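# Summary of the model geometry
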Amino acid sequence: MASFLDITKLSIAFPKSPLPVLRDVDLKIERGEYVAVIGHSGCGKSTLLNVVAGLLPATAGGVLLEGREISGPGPDRAVVFQNHSLLPWLTCYENVALAVDQTLAKTMNKAQRHDWVLENLALVHMTAAKDKRPNEISGGMKQRIGIARALAMRPKVLLLDEPFGALDALTRAHLQDQVMEIHARLKTTVIMITHDVDEAVLLSDRIVMLTNGPNATVGEILTVELERPRDRLKLAAHPRFVAARTAVLEFLHSRHANPALQAA
Amino acid sequence: MNAVSTKPAAAPAVVSRPALAALPKPSRIVPVIAQVVPPLIVLALLGLGWEYLASGPNATLPPPSKVWVDAHDLIVDPFFDHGGLDKGLFWHLLASLQRVALGFTLSAVAGVGLGMLIGSSPFFMRGLDPIFQVLRTVPPLAWLPLSLAAFREAQPSAIFVIFITAIWPIIINTAVGVLNVPQDYRNVAAVIRLRGPMFFWKIVLPAAAPYIFTGLKIGIGLSWLAIIAAEMLIGGVGIGFFIWDAWNSSNLSDIIVALVYVGLVGFMLDKVVALAGRIATRGTQAS
Ligand SMILES: Nc1ncnc2c1ncn2[C@@H]1O[C@H](COP(=O)(O)OP(=O)(O)OP(=O)(O)O)[C@@H](O)[C@H]1O
Ligand SMILES: [Mg+2]
């Protein structure tokens, strides 16, 4: 049986560069799964995500979502961008509302859309700041609005590109908990790119480890056998958590060490 | 007892904490004084210098004291209207401003439209940019004869000169603004499938707004420069012709008063567009 999201023999080359960034990436993701993609900086994680989002064309191979080929961007694959990408001239409410009005106008009337925007702001605990503009709120709050905007589109797949990368450890932990809670509640399929091994192990069902680029591909896939809901404090010393963490660290730092550091 | 200790004494924990003392309000007057006083002093010194230089027997220009006496009526009452061209400066300025308002509005609408077209279409960019780059270097007054020939009337010709003077910086800045819409915003629009006119209205226009207003600000300044020169040639009510008329009747004091007004109005126009820009683009600067 075909998977929910099916990436087959995907290769991506940019014009002007001789070697493809990604080569022959194969990945199958089931509905409701939380998958983390981890790899060294520059290996092509964002590129992979952008192809799934439809923002970049595949050079060879392709991506199927529910059996249909992805040919362009769309609200069924909502993206939370690496740098939040909120529109600075709109308030938080308006940022979410723009996406909702644009994508759900056929299924909801005006009042329902308004309620739906507020519901999503409440989901990320941002109701109080709804009338502020992005430059008046903190980095963590911006990222939460970005998540609310993405969730409000009712996506089939939520694509997170290092959503917490630019945040301090405390804010990051807080948002990770919120995302876990949302995932548990909505059962959305999530692909999350991250640099952070603990984050990958804590949040995901499977961790996809990419080898170094160019010609990066899936090096290994680790299934995280930890039951949900997960509690970061209890897990810290859990043998399976530690084992998963060690496996990923070992992949990243001994078998596929950072090429930039090796050259130095 | 060591009274000299710099360590704060242990806070009397039993006493409930007093309400925080209000911070002293920053004075609003002092910065204003600091802004206003230096120009006033410099202005007074320049006036004195001018008075001194223009008071000699060989002076060709009138000193401020003479300007005051000669042009007293003009200065104290800008609103008189004795019919014909014998009007207060207010009416002349108003006539000039009306021409600028019309010409500039037309060039703002056309300039932003064309700039959007050029900025979003490589074909039009390649096709039109070289033409614009040449045309924009043509001095405003060089358009006047052609414009008079085409329109056969003074009023539309003057407005056309303003239009053609102001439009180039507006087009070019708008196009640059459109080209500089960040890829991030384009990606957001692509994901929510915002396309066509809605994409322009919701994404491109606000993202390019700071550039557009830079173009408008340059454009209004050029319009004001152009109208004074154009009016000198076409005649009728207007501050440009007023200056020309005063020159023909050797009324140097009137010219000086008019120049002060021209400068003040030009300054004000610049500030008005800048203010409109600040209001329209508030929040546009990404954090
Ligand atoms: N538009 C582009 N044109 C040419 N090369 C590109 C382009 N975008 C990315 N690349 C190259 O593709 C490679 C992968 O980039 P990508 O942004 O996917 O890396 P990443 O894994 O997301 O890195 P990071 O963790 O630092 O975000 C890099 O070597 C980069 O130089
Ligand atoms: Mg990246």
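Here the structure is shown first, and the text comes after it.
Attention in this report is confined to the structure presented alongside it. (Residues numbered from 1 in each chain as written. Chains lettered and ligands numbered in written order. Predicted model: local features only at pLDDT ≥ 70, side-chain atom pairs only at ≥ 80, totals over all residues. Heavy atoms only, no water.)

## Thoughts on the overall build of chain A
When helices and strands are tallied, chain A shows nine helices and ten strands. Taken over C-alpha atoms, the radius of gyration comes to 18 Å for chain A, in line with the 18 Å a tight globule of 264 residues would show. Judged by the C-alpha coordinates and their principal axes, chain A covers about 55 × 45 × 40 Å. Across the 264 residues that make up chain A, the buried fraction comes to 54%. (Helix = DSSP H or I, 4+ residues; strand = E, 2+ residues; numbered from the N terminus. Rg over C-alpha atoms; globule rule 2.2 N^0.38 Å. Buried < 20%, exposed > 50% of the residue type's maximum accessible area, 1.4 Å probe, protein only.)

## Looking at the sheet that holds strand β1 (residues 5-12) of chain A
Residues and elements named next belong to chain A. Spatially, the four strands line up as an open sheet ordered β2-β1-β4-β5, and their pairing is antiparallel. Where the open sheet ends on each side, the last strands, each with one partner, are β2 (22-29) and β5 (68-69). Note that β1 and strand β4 (residues 60-65) share five bridges and pair antiparallel. Pairing of Ser11 across the sheet is with Ala60, part of β4. Running over the sheet, helix α1 (residues 45-53) touches β1, β2 and β4 and is turned about 125° from β1. (Pairing = 2+ DSSP bridges. Contact = heavy atoms within 4.5 Å. Axes fitted to C-alpha atoms, helices over the stretch in contact; angles between N-to-C directions.)

## Considerations on the sheet that holds strand β10 (residues 218-223) of chain A
All names here are of chain A. Across the sheet, which stays open at both edges, the six strands sit in the order β6-β7-β8-β3-β9-β10 with mixed pairing between neighbours. Either end of the sheet is taken by a strand with one partner, and the two such strands are β6 (77-80) and β10. Between one strand axis and the next, the sheet turns through 20° on average, direction left out of account. Contacts from helix α4 (residues 139-152) reach β6 and β7 (157-161), with the element oriented near 175° to β6.

## Some thoughts on unusual backbone geometry
All names here are of chain A. Of the consecutive residues Arg228 and Pro229, the connecting peptide bond is found in the cis state with omega at -5°. Here the phi dihedral of His84 falls at roughly 60°; this positive angle occurs in a residue that is not glycine. Mapped onto the elements of the fold, His84 is located in the loop between β6 and α2 (92-104). Note on His84: relative accessible area 18%, which makes it buried. Positioned with a positive phi, Glu162 is a non-glycine residue whose angle comes to about 40°. For Glu162, the position within the fold is in the loop between β7 and α5 (169-186).

Purely geometric numbers; function is a separate question.
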